[in-house]
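# Overview (structure and organization)
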Amino acid sequence: MEIQITTKKSDGVERQLEVSVPAESVRSAEDQAARRYATQVRLPGFRKGKAPPAMVRKKFAEAIRQEALEALVQEAYKEVLEREKITPAAQPHVHGLRFDDGQPLTFELHVEVRPEVALPRLQGFRVQRPAPQVTADQVREQLEHLREQRATWSPASDKPLPGDLVTVRLATGEGDALAELKEYRLVLGEGQAIPGIEEVIMEAAPGETVERPVRWPDDFPDEAERGKTKTVRVEMVEVKRKALPELDDAFAREVGDFDSLEAFTGTVRGDLERHAEREADAAVRQRLIDEILGANPFEVPPSWVSQLVNAYMEAYQIPEEERERFGAEFRPTAERQVRRDLVIDTIAEREGLAASESDIDDRVAEVAQKRGADPGQVYASLQKAGRLREIERSITEDKVFEWLMHRNTVEPQ
């Protein structure tokens, strides 16, 4: 098909092309569509496929034109990609379509192309590796966290204190018009209620009712409620107080197979140290990628960034009213992630570093050994959960960064 292509915009990864399909090609496409209809439709007084073409064309004119239009645009699109040597990054958009009788078909095609990631410089960088440190305070904090997980809650008969778990029946209103009492469970001091309401709650022992005015804070999420003073009524149903287990040898035996608190503390420290090592490694990778991106600029398709933003919105179940704000704030992070992935994919392809089936099998065998499970069962489980792709990606990244480490300098921070 002899179409005319005029480039209106060629900026980075965006292409805007004006396409014109000759009137002769349009007539030919309409004739072909009409012949197909003639063999498929049934008109009164005629056997299927035997109705006169002129009658078929008159009765199904709009459907025939629509079929011809779709075929022409699709064929023209393929021709544009071949002639302009375009590799699209996303579904193209058609704008300004004109399809008048006896005239050429014209439209504008907006398409994002896959970026050319050359990466001419990948070595000679110097990055610093943070010194992984685990302090005594971090160990104590982790031990306290484990105590919190095994805390017990016991009923209390006095007024609640910060940290207590309370069950209350609560109502608010303006003037004498109070809403219906509703039951709530919350831990005081964790920001689950505004400070003024928590103050009212802490005035009531189990079985008591307290009512007094509370001013809503000036930074309350609902702007319409900010600064308002409302009557708050609280009926205390129950107060529970947390009791933490003693941090001793008995606690260590309860948590795991440890002979003493000292042995358990040593294991906690070891876990924290391994986590700190992984964090330091991740920091090196991030800094190395930052150096590479700074030395090798390239554009990325906006649609890829939008897809990643939308994926995170779905994963984190961002409410509809929050999506615009989340998208604006998260977009720079998403764009950096797209660039990072393109760098890794480019190096992996260029240097033959992509994970092989053998690599994946070896990694699954490692996982199975740690779990004390059969590798075949672990593989099937990971495959069912859709996590094999995640393992493949992890292996590829490890190989790419190992390749980069040999060509750049990592210094202690």
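A short tour of the structure in this document, coming up. (Residues numbered from 1 in each chain as written. Predicted model: local features only at pLDDT ≥ 70, side-chain atom pairs only at ≥ 80, totals over all residues. Heavy atoms only, no water.)

### Quick notes on the environment of alanine 63
- Inspection of the secondary structure assignment puts alanine 63 in helix 3 (residues 61-84).
- Sequence separation of alanine 63 and alanine 33 is 30 residues, and the distance between their C-alpha atoms is 9.0 Å. (Helix = DSSP H or I, 4+ residues; strand = E, 2+ residues; numbered from the N terminus.)

### Structural notes on the packing of helix 10 (residues 357-371) against helix 11 (residues 375-384)
- Helix 11 packs onto helix 10 with a crossing angle of 110 degrees between their chain directions and a minimal axis gap of 9 Å. With respect to helix 11, the axis of helix 10 lies roughly perpendicular. Here Ile360, Asp361, Val364, Val367, Ala368 and Arg371 of helix 10 lie close against helix 11, whose contacting residues are Pro375, Val378, Tyr379 and Leu382.
- Grouping the constituent residues of the contact of helix 10 with helix 11 by class yields eight nonpolar, no polar and two charged. (Axes fitted to C-alpha atoms, helices over the stretch in contact; angles between N-to-C directions. Parallel < 35°, antiparallel > 145°, perpendicular 65-115°, else oblique. Contact = heavy atoms within 4.5 Å. Nonpolar A, V, L, I, M, F, W, Y, C, P; charged D, E, K, R; others polar.)

### With respect to the environment of alanine 380
- The topology assignment puts alanine 380 in helix 11.
- When the C-alpha positions of alanine 380 and alanine 315 are compared, they lie 24 Å apart, and in sequence the two are 65 residues distant.

### Some remarks on the packing of aromatic side chains
- Here the structure, examined in full by the defined rule, presents six aromatic pairs.
- Geometrically, the ring pair formed by phenylalanine 258 and phenylalanine 264 is tilted, given 5.1 Å between the ring centres and 55 degrees between the ring planes.
- Taken together, the ring pairs in this structure connect Tyr312, Tyr316, Phe326 and Phe330 into an aromatic cluster.
- The positively charged end of arginine 65 is found above the aromatic ring belonging to phenylalanine 99, 4.0 Å away from the centroid.
- Over the aromatic face of tryptophan 216 sits the side chain of lysine 230, whose NZ or CZ is 4.9 Å from the ring centroid. (Phe/Tyr/Trp six-rings, centres within 6.5 Å; stacked < 30°, edge-to-face > 60°. Lys NZ or Arg CZ within 6 Å of the ring centre and 35° of its normal.)

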